[in-house]
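Reading the structure
As a plain string of letters, each chain reads:
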Protein chains: 2
Amino acid sequence: MKNYIQADEWNIIEEGFDPQLNKISESLFSIGNGRMGQRANFEEHYSGETLQGSYVAGVYYPDKTRVGWWKNGYPEYFAKVLNAAAWIGIDISIDGRQLDLHCCKVLSFRRELRMKEGLLLRSFRAELDGGKIVEVSSTRFCSMADDEAAAICYRIRPVNFSGQLSITSSIDGDVKNQDANYDEKFWEAINSKQDSGADYLILKTKKTAFEVCTATFTTVELDEQRLSLEAVSREKFLGHTAASELKEGQELRITKLAINLSSQNHEPASLLDTAVAKIADLKNKGFQALKNAHIAAWAEKWEESDIVIEGDVAAQQAIRFNIFQLNQTYSGKDARLNIGPKGFTGEKYGGSTYWDTEAYCIPFYLSTAPQEVSRNLLIYRYKQLDKAIENAAKLGFKDGAALYPMVTMNGEECHNEWEITFEEIHRNGAIAFAIFNYIRYTGDAAYLADYGLEVLIGIARFWKQRVNWSSDKQKFVMLGVTGPNEYENNINNNWYTNKLAAWCLRYAIEAARQVAAENPEAYHRVITKTKFDEGTEFADWTAIDQQMYYPYDEKEEVFLQQDGFMDKEQILVKDLPASERPLNQKWSWDRILRSCFIKQADVLQGMYFFEDEFDQETLRRNFSFYESRTVHESSLSPCVHSILAAKLNDEEKAYEFYLRTARLDLDDYNNDTEDGLHITSMAGTWMSIVEGFAGMRVRNGQLKFNPFLPGGWKAFAFSIGFRGHALKVKITAEQIIINSEASEDLEVCIFNHPHQISKGETQIAYKTLLV
Amino acid sequence: MKNYIQADEWNIIEEGFDPQLNKISESLFSIGNGRMGQRANFEEHYSGETLQGSYVAGVYYPDKTRVGWWKNGYPEYFAKVLNAAAWIGIDISIDGRQLDLHCCKVLSFRRELRMKEGLLLRSFRAELDGGKIVEVSSTRFCSMADDEAAAICYRIRPVNFSGQLSITSSIDGDVKNQDANYDEKFWEAINSKQDSGADYLILKTKKTAFEVCTATFTTVELDEQRLSLEAVSREKFLGHTAASELKEGQELRITKLAINLSSQNHEPASLLDTAVAKIADLKNKGFQALKNAHIAAWAEKWEESDIVIEGDVAAQQAIRFNIFQLNQTYSGKDARLNIGPKGFTGEKYGGSTYWDTEAYCIPFYLSTAPQEVSRNLLIYRYKQLDKAIENAAKLGFKDGAALYPMVTMNGEECHNEWEITFEEIHRNGAIAFAIFNYIRYTGDAAYLADYGLEVLIGIARFWKQRVNWSSDKQKFVMLGVTGPNEYENNINNNWYTNKLAAWCLRYAIEAARQVAAENPEAYHRVITKTKFDEGTEFADWTAIDQQMYYPYDEKEEVFLQQDGFMDKEQILVKDLPASERPLNQKWSWDRILRSCFIKQADVLQGMYFFEDEFDQETLRRNFSFYESRTVHESSLSPCVHSILAAKLNDEEKAYEFYLRTARLDLDDYNNDTEDGLHITSMAGTWMSIVEGFAGMRVRNGQLKFNPFLPGGWKAFAFSIGFRGHALKVKITAEQIIINSEASEDLEVCIFNHPHQISKGETQIAYKTLLV
């Protein structure tokens, strides 16, 4: 755990330079706009520890898989998000000596992420050989208003000397991924152009043949005077240099406008021409106008998604940081894109799509972004249905059964650990649940006819084939799975997976009947396309749903995570010595597997998904049983515990679980922030507040709140969009205050008491309702 | 399956050259002597498909592990047997053109392995450019009389032309392993010497720093006239060349005497001097004398271990091939060596030690080799006890608990698949069982005091910590294991492992009590060294033994392979379409895991180990249940089925199972002989005959036979050594005929009827005893 980020409501601030922390800060201060992202690497050369990262959404490389022992069915490759051409480079030489913070005395240093405006600021004073002191300040952003554009303004000033300063502003395409399995480079240069301050470099990925044109336009000014630039180039590298004598105190200003255009969005043949036109456009607008548009776009984002916490600066900073990163990662404009667990902040987990999106991120975007944003996340999976059917076929399933991959870029499975790839199949259920959740929230039932039903049929068919009849139990069982609790592998009858599977079958039938009733034409199209045999398939699915086996412990009266769970030695987390944690670093894998300790409680995840089925007492028993055995070594774990604790009115515990992930990256809890941020778990933090503390739910088309105010807070407030209503909800110790901008009224329930919300502010005292 | 090896009782013969079969033949025609081994690569250059392999026992390299996803507890490296310097090279040029069977017309070709003499013969006629025909014949052996020596006699004759012939006899140390994880070379050259026909090359392994001096002495003769030789050398390569005009029909004879001296057996500093002396000695003796001594040594091996089958040439050839390879692989002279699953015939499985040795090979060596051979195999594990304790400690076990590795060279674990490495712990039991089995056979109870007890204590301590008390079952359970049936992973209460563990605890107590009674001094030494707490540890072990849980199915009345086995869909192998087999190639891993199909039946393995506990009816029920679900996709599987079928008087099935492995490599059943031979499963074939067909057992110090004669056979006979008695046992349809060379009488039991065996021949009609 680190504690070097200064507390501030709107800004992330690092004061002073510690090379040990540099990679962590590079992650924390990352900027992005849903289409591209950039770690907070320095513009000038840096020879110290760094993870260089510039990412272009949707551009990946199928890196040849590395396994110890091949298992039948493994995918041939692991798709990786690519470290793309470095567009930020501004190399500085002072009297012939390269400026490099690793090799000089850093007198002062400040990195600042202005979340409100989406700006990365950096300033420092460094002392070079012979006591020469320079001062640098830079501002950088990836434009939220134009997601192909980015810009830098970089200023440098000799503080106590006069001397020769030369700069090289460059695009460096000779980059690689640190996580390349065989140390290969993934890009080839295929075209380039240089033209009075502008550099255009087109790189193409090997195998996948994505083309990306990275282009920059650089101006260098001294006292409002533009310096002349000279083009330089070598393999995969383009740049422009300028040089000048600077007097003590004189400032050189370098402005760099940049674009990344991908062949996903532009004709490859015209990529260069498009780039030339686009650079011309940016030049016309200029840095200041670009920046203003960017800030305005951010203002809009904040309007939709901000959470205000009064009385706790650290908590305020944390939640804003999480919301900021979520908005930087996914804008919802493009249904081909998704949310990698590290977003655009690192290479780890390959930038690929996991079930995190459906289980944790969709609720965030449902409430804080226009409806098409979460709809696009669903359509992403719809577009990959064919691949999911292929994927299932590779594993021996047939007749249109679909198994969505554990990790994917283009719909193909990338993961290669049999206990995950082949067995962690609950992901398939989460994808169905997201469809249900989306419709429950938005009321957009038409989605089923257009896209959802096909996906639900494929998923239901998978479950139908994945269970088998146990003549021993006289029930349907599901053998050989891994639940969300990845500290158990290849188990039988994982309660969560069985539960989810049965629900999927039920929901698929319900969805089919609904489409048949409401849109017979669409229904006909879907059953023809999927060769759906209504009679047999409905009967099969219903039989499984009705006769599914659910492990249960009579003594503890809890749902059992899996068959045989009570054979384990029942130790509680509180009795584990601190020296043995985290288990995943201190214990061998076999010991973890046979212990009762849980990475992420999957029974509780199931009770969260299907909460209306369970009374408070059942929830309390299960929560108490599983919570005491859960080590939360997945960043996705605490939020569900927080929400359930809130539901059980255990406010203290709800807050405690919230705290575990709120500042996960800011304080580098797990010593891994340097690899990138835990983007998807950030959505969980949002859920802890909105679904946990505010107790927000949507049931029968109605918004419900069961709020409480965490101990140290004075109030908290959040913005949500709900079926055309933009609401600001504020919760104080006594009141829930809802501000609506809609002219139409909205009925909401506070502790099950209906209240009419009209335009303007409505104050409701909730404490009395609670009793 | 291939069928190109000619049937012959004593020889393996390949007639005609098919490049497609070359790697298979390179494996089949491998030669070795327990200290070194050599695949049947050609002496002359060959540019076609080949797996070059020269191996020196005990010399390994810790190749950096390659895994997809690291798990805590994985070993850092996988030890690999090394492809060592190629000493066989005799390169031929005819009128300036290199002889290469890949690039000329092969008119005739014959490879022959004379198993009786241990000789590899090869002869061919090849037509070169312009119709020039040459004839070559070579004889090669790795001396069984002197296990550091080998020799080649290579003759070449222009058949229809006269021309210039030049030869280069070489040692090529610039070799690598095909299975190197990162394509590295593992050897460095550290010294060399060349001296009138002799080449000496000392290579040293990286990291492990083994040194091997490979030396050869070459003579080239034309009509009894020695040609003069010229030394040639380059990096890691030494050789001598000779050239001469040959007249049509004239024969050039190249004789190459070779040695491999390892720093395991010689002081590194004097390795070169030792080699010089040794080469001088070989020169003195000459090729013919070396060959004679080698043949004589083989005659002795055959005297001890031959099996004669009358009336079935294919079966005769097969069993001799298996015995031949077992004797080539392990001589039992050196307790630092062991038996790799591929012996000296390929790189696969790293040439390392597996539980195959204890479970399958020890019975063979017990009966067919002097007692110290199997004793040395036990001492190998004794010497690695410290490492086994370290290995257990890495996984969280303490207080001297020992977990022997799944795969090892020097006692450290090399395997890195969690479900095997950490979970396939039954190997620990097999190591204890081998001690019991050795003493049962030999009567050498003193072994316990000297070595065995320490090992048994370490193993018992491991099991004690590996089980846990299930408050649910009120029994001790063992969670998260993989049994010998590797088509189940991470299962609970594997019947075989539980059974073996409880037996180990019981046997350790029994062994301790026996040593305490018979050799108090040794007992004191062992309990001091192991810090053994007799009171507590005996009590703990007894409690576990008495309250161990064994899964059982009441309906089928069979021991259950593991918890939940009856939840699986119960399909029988006979109902599997042929197109879906072998499962390990046709099915994805998850499908295999959740099916009821068994790679190797571990309940039956347990019933074989502890057969005296079970009546015939129990055995019959379990055999019938598991046999029908077993796909035998491990070459170690059929032999146990064969032995049990024999016990159940199902002679047909016993023979059928025998056939499955007898010619496994000769007929390339599994399409993998090119990687090397299945050495350890060859011992299983021997067991099928001796323990299966002849029904041989040792009980209470007495030899027992329950024989039958397989259908098509006229008779079979085998040699065994038993407590000082060298016996030849012949079984005909009616009689068992035992020839003893010992002057002392021996009582043996035939179908539980005691018979006195005196020196000379005893004929016993067994059919009448059977009733």
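These numbers were taken from a predicted model, which means no experiment stands behind them. (Residues numbered from 1 in each chain as written. Chains lettered and ligands numbered in written order. Predicted model: local features only at pLDDT ≥ 70, side-chain atom pairs only at ≥ 80, totals over all residues. Heavy atoms only, no water.)

Here we look at the interface of chain A and chain B
- In this complex, chain A contributes 49 residues to the contact, which on the side of chain B involves 50 residues.
- Roughly 4000 Å² of surface becomes buried between chain A and chain B when both sides are summed, with 48% attributable to carbon and sulfur atoms.
- The largest contributions to the chain A side of the interface with chain B come from Trp69(A), Asp567(A) and Arg594(A), which together make up 19% of the buried area.
- Inspection of the region where chain A meets chain B yields six salt bridges.
- With its nearest N and O atoms 2.6 Å apart, the salt bridge here joins Glu417(B) to Lys71(A).
- Viewed at the interface, chain B and chain A are joined by 24 residue pairs in polar contact (both at pLDDT 80 or more).
- Every element with two or more residues in the side of chain A that touches chain B is listed here: helix H7 (418-421), strand E23 (468-470), helix H13 (583-586) and helix H14 (589-594) of chain A.
- With five residues, the top contributor of residues to the side of chain A that touches chain B is H14(A).
- Considering only residue class, the side of chain A that touches chain B consists of 16 nonpolar, 14 polar and 19 charged. (Contact = heavy atoms within 4.5 Å. Buried area = accessible area lost by both parts, 1.4 Å probe. Salt bridge = Lys/Arg side-chain N within 4 Å of Asp/Glu carboxyl O. Polar contact = N/O pair within 3.5 Å; in protein donor to acceptor, adjacent residues only side chain to side chain. Helix = DSSP H or I, 4+ residues; strand = E, 2+ residues; numbered from the N terminus. Nonpolar A, V, L, I, M, F, W, Y, C, P; charged D, E, K, R; others polar.)

Side note on the packing of aromatic side chains
- This model, assessed by the stated rule, comprises 123 aromatic pairs over all chains.
- Measuring from centroid to centroid gives 5.9 Å for Phe17(B) and Phe42(B), while their planes differ by 50°, and the two rings are tilted. Residue Phe17(B) is located in the loop between strand E2 (11-15) and helix H1 (22-28), and its partner Phe42(B) is located in the loop between strand E4 (36-38) and strand E5 (54-56); the two are separated by 25 residues in the primary sequence.
- Residue Phe42(B) is classed as buried on the basis of its relative accessible area, which comes to 6%.
- Members of the aromatic cluster, each reached through a chain of ring pairs, are Phe433(A), Phe436(A), Tyr496(A), Trp503(A), Tyr507(A), Tyr608(A), Phe609(A) and Phe610(A).
- Directly above the aromatic system of Phe29(A) lies the positively charged group of Arg111(A), at a separation of 5.6 Å from the ring centroid. (Phe/Tyr/Trp six-rings, centres within 6.5 Å; stacked < 30°, edge-to-face > 60°. Buried < 20%, exposed > 50% of the residue type's maximum accessible area, 1.4 Å probe, protein only. Lys NZ or Arg CZ within 6 Å of the ring centre and 35° of its normal.)

Regarding the environment of Thr732(A)
Residues and elements named next belong to chain A.
- Assignment of secondary structure puts Thr 732 in strand E30 (residues 725-732).
- Distance in space between the C-alpha atoms of Thr 732 and Pro 707 is 9.1 Å, their sequence separation being 25 residues.
- The residues touching Thr 732, leaving out its near neighbours within four places in the chain, are Leu 709, Lys 714, Ala 715, Ile 737 and Tyr 766.

Examining the pattern of salt bridges
- Scanning all chains against the criterion turns up 118 salt bridges over all chains.
- Close ionic contact of Lys278(B) with Asp146(B) constitutes a salt bridge, the shortest N to O distance being 2.8 Å. You can see Lys278(B) sitting in helix H2 (residues 271-305) and its partner Asp146(B) sitting in the loop between strand E12 (133-142) and strand E13 (149-158), a full 132 residues away along the chain. Each member of the pair, Lys278(B) as well as Asp146(B), carries the same accessibility label: buried.
- The partner of Glu488(B) in a salt bridge is Lys568(B), and the shortest N-O contact between them spans 2.9 Å. With Glu488(B) in the loop between strand E24 (475-477) and helix H10 (495-518) and Lys568(B) in the loop between strand E26 (558-559) and helix H13 (583-586), the pair connects residues that are 80 residues apart, well separated along the chain.
- Through salt bridges with shared partners, a single network forms among Arg35(A), Asp147(A), Lys333(A), Asp334(A) and Arg336(A).

Things to note about the environment of Gly711(A)
- Looking at the element boundaries, Gly711(A) is found in the loop between strand E28 (702-705) and strand E29 (715-722).
- Linking Gly711(A) and Ile689(A), residues 22 residues apart in sequence, is a C-alpha distance of 13 Å.

Some remarks on the sheet that holds E29(A)
All names here are of chain A.
- The strand order across the open sheet formed by five strands is E22-E29-E30-E31-E34, and the pairing between neighbours is antiparallel. The open sheet has two free edges, formed respectively by strand E22 (307-310) and strand E34 (760-765), since each of these has just one partner strand. Averaged over all adjacent pairs, the angle separating strand axes in this sheet is 15°, with direction ignored.
- Here six bridges tie strand E31 (residues 735-740) to E34, and the two strands are oriented antiparallel to one another. Its bridge partner being in E34, Ser 740 is matched across the sheet by Gly 760. (Pairing = 2+ DSSP bridges. Axes fitted to C-alpha atoms, helices over the stretch in contact; angles between N-to-C directions.)

Observations concerning the nonpolar core
- Counting 492 residues, the largest nonpolar core has Leu99(A), Phe705(A), Phe718(A), Leu99(B), Phe705(B) and Phe718(B) as its most contacted members.
- Among all residues touching Phe705(A), those that are not within four sequence positions of it are Ala694(A), Gly695(A), Met696(A), Phe718(A), Ile720(A), Val729(A), Ile736(A), Ile738(A), Cys749(A), Ile750(A) and Phe751(A). (Core = buried A, V, L, I, M, F, W, Y, C linked by side-chain atoms within 4.5 Å.)

So, the environment of Tyr349(B)
Residues and elements named next belong to chain B.
- Residue position: Tyr 349 is located in the loop between helix H3 (313-329) and helix H4 (356-368).
- Each C-alpha atom, one on Tyr 349 and one on Trp 70, is 20 Å from the other, the two residues being 279 residues apart in sequence.
- Those residues in contact with Tyr 349, other than ones at most four positions away along the chain, are Phe 78, Pro 341, Lys 342 and Tyr 354.

Focus on the relation of the copies chain A and chain B
- Mapping chain A onto chain B calls for a screw motion: a turn of 180° about the axis and a shift of 0.1 Å along it, with 0.0 Å RMSD after fitting. Taken together, these values place the two copies in the relation of a two-fold axis. Within chain A, the C-alpha atom positioned nearest to the axis of rotation is that of Val67(A), 2.3 Å from it.
- Most of the interface of chain A is mirrored in chain B, where 100% of its interface residues again form contacts. (Least-squares fit on C-alpha atoms with pLDDT ≥ 70 in both.)

Details of unusual backbone geometry
Residues and elements named next belong to chain A.
- Cis geometry is adopted by the peptide bond preceding Pro 582, which originates at Arg 581 and carries an omega value of 0°.
- Tracing the backbone through its elements, the reader meets Pro 582 in the loop between strand E26 (558-559) and H13.
- Non-glycine residue Asp 183 carries a positive phi angle of around 60°.
- The residue Asp 183 is located in the loop between strand E14 (163-172) and strand E15 (187-195) in this model.
- Looking at Asp 183, the relative accessible area reads 55%, which means it is exposed.
- Although it is not a glycine, Asp 668 sits at a positive phi angle of roughly 50°.
- With respect to the helices and strands, Asp 668 occurs in the loop between helix H18 (651-662) and helix H19 (679-693).

Comments concerning the side chain of Ser634(B)
All names here are of chain B.
- Mapped onto the fold, Ser 634 is located in the loop between helix H16 (616-627) and helix H17 (637-647).
- Only 3.4 Å separates the side chain of Ser 634 from the side chain of Gln 600, close enough to count as a polar contact.
- Each residue touching Ser 634, except ones within four places of it in the same chain, is listed here: Lys 599 and Gln 600.

Observations concerning H17(B)
Residue and element names in this part refer to chain B.
- The buried fraction of H17 is high, at 10 of 11 residues.
- Inspection of H17 places Ser 637, Pro 638, Cys 639, Val 640, His 641, Ser 642, Ile 643, Leu 644, Ala 645 and Ala 646 among the buried residues, and these make up the whole buried set.
- For H17, the secondary structure elements touched by its buried residues are H4, helix H15 (602-609), H16, helix H18 (651-662), helix H19 (679-693) and strand E27 (697-699).
- One or two steps after H17, the chain reaches Asn 649, where phi turns positive at roughly 60°.

Re the side chain of Glu221(B)
- Along the chain, the position of Glu221(B) falls in strand E17 (residues 211-222).
- With sequence-adjacent residues up to four places away left out, Glu221(B) is seen in contact with Arg226(B), Glu251(B), Leu252(B), Arg253(B) and Thr255(B).

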